[in-house]
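What follows is the residue order along each chain.
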Amino acid sequence: TISVSAFLLNRSSDLKFEGYGIMTQAVDMIEKYSFNELKLHKLQIRVHPENYKSASVPQRLGYFKEATLVEHEVLNGEYIDLDIFTKLNKYKKVKN
């Protein structure tokens, strides 16, 4: 039995590759594999609220905003919030 509690994808891209949908395609592929092969129940994407381009990826793929983690990380010496976008695997059967 394999138990996966977390999968972290950290994005850092070259500006010349922005706007081609590469991250959206990558997240979509990871989602399909996670739900269909690993049978995970829930996926989350954490995004800095001011990073509108990154926030558009989960929104485009049907994730819902579940929460905001207030002053959760330090970036450039300052605390920042993170928005959590979530998608549930509605087709996963729950074992009793």
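Residues numbered from 1 in each chain as written. Predicted model: local features only at pLDDT ≥ 70, side-chain atom pairs only at ≥ 80, totals over all residues. Heavy atoms only, no water.

Trainee: Mind showing me how you'd approach the overall build of the chain here?
Mentor: For the chain, the helix and strand inventory stands at 2 helices and 3 strands. Of all 96 residues assigned to the chain, the portion counted as buried reaches 24%. Across the chain, contacts joining residues at least 24 apart in sequence account for 53% of those joining residues at least 6 apart. When the accessible area of the chain is evaluated, it comes to approximately 7,900 Å², of which 52% is carbon and sulfur surface. (Helix = DSSP H or I, 4+ residues; strand = E, 2+ residues; numbered from the N terminus. Buried < 20%, exposed > 50% of the residue type's maximum accessible area, 1.4 Å probe, protein only. Contact = heavy atoms within 4.5 Å. Areas by Shrake-Rupley, 256 points an atom, 1.4 Å probe, with all protein chains shown as cover.)

Trainee: I keep staring at the sheet that holds strand S3 (residues 78–88) and nothing clicks. Help me out?
Mentor: Two modes of strand pairing occur in sheets, parallel and antiparallel, and in both the strands are linked by backbone hydrogen bonds. Strand order in the open sheet formed by 3 strands is S1-S3-S2, with antiparallel pairing between adjacent strands. Of all strands in the sheet, those with a lone pairing partner are strand S1 (42–47) and strand S2 (64–75), marking the two edges. Sheet twist, expressed as the mean angle between neighbouring strand axes with direction ignored, is 25 degrees. One ladder, built from 6 bridges, connects S1 with S3; its direction is antiparallel. The residue bridging lysine 42 from the neighbouring strand is leucine 88, located in S3. Seen against the sheet, helix H1 (residues 22–36) touches S1 and S3 and runs at an angle of roughly 150 degrees to S1. Taken strand by strand, helix H2 (residues 52–60) contacts S1 and S3, and its axis lies near 160 degrees from that of S1. (Pairing = 2+ DSSP bridges. Axes fitted to C-alpha atoms, helices over the stretch in contact; angles between N-to-C directions.)

Trainee: What's the story with the nonpolar core in this structure? I'm lost.
Mentor: Core analysis: the largest hydrophobic core is formed by 11 residues, namely Val27, Phe35, Leu40, Leu43, Ile45, Val47, Ala55, Val57, Leu61, Tyr63 and Phe85. Secondary structure elements with two or more residues in this core: H1, S1 and H2. Among the elements that take part in this core, S1 stands out by supplying 3 residues, more than any other. In this structure leucine 61 touches Thr24, Val27, Asp28, Glu31 and Lys87, once residues within four positions along its chain are discounted. (Core = buried A, V, L, I, M, F, W, Y, C linked by side-chain atoms within 4.5 Å.)

Trainee: How should I be thinking about the environment of arginine 46 in this particular structure?
Mentor: Of note, arginine 46 is situated in strand S1. Arginine 46 sits 35 residues away from aspartate 81 along the chain, and the two C-alpha atoms are 9.7 Å apart. Excluding residues within four positions of it along the chain, arginine 46 makes contact with Leu69, His72, Leu82, Asp83 and Ile84.

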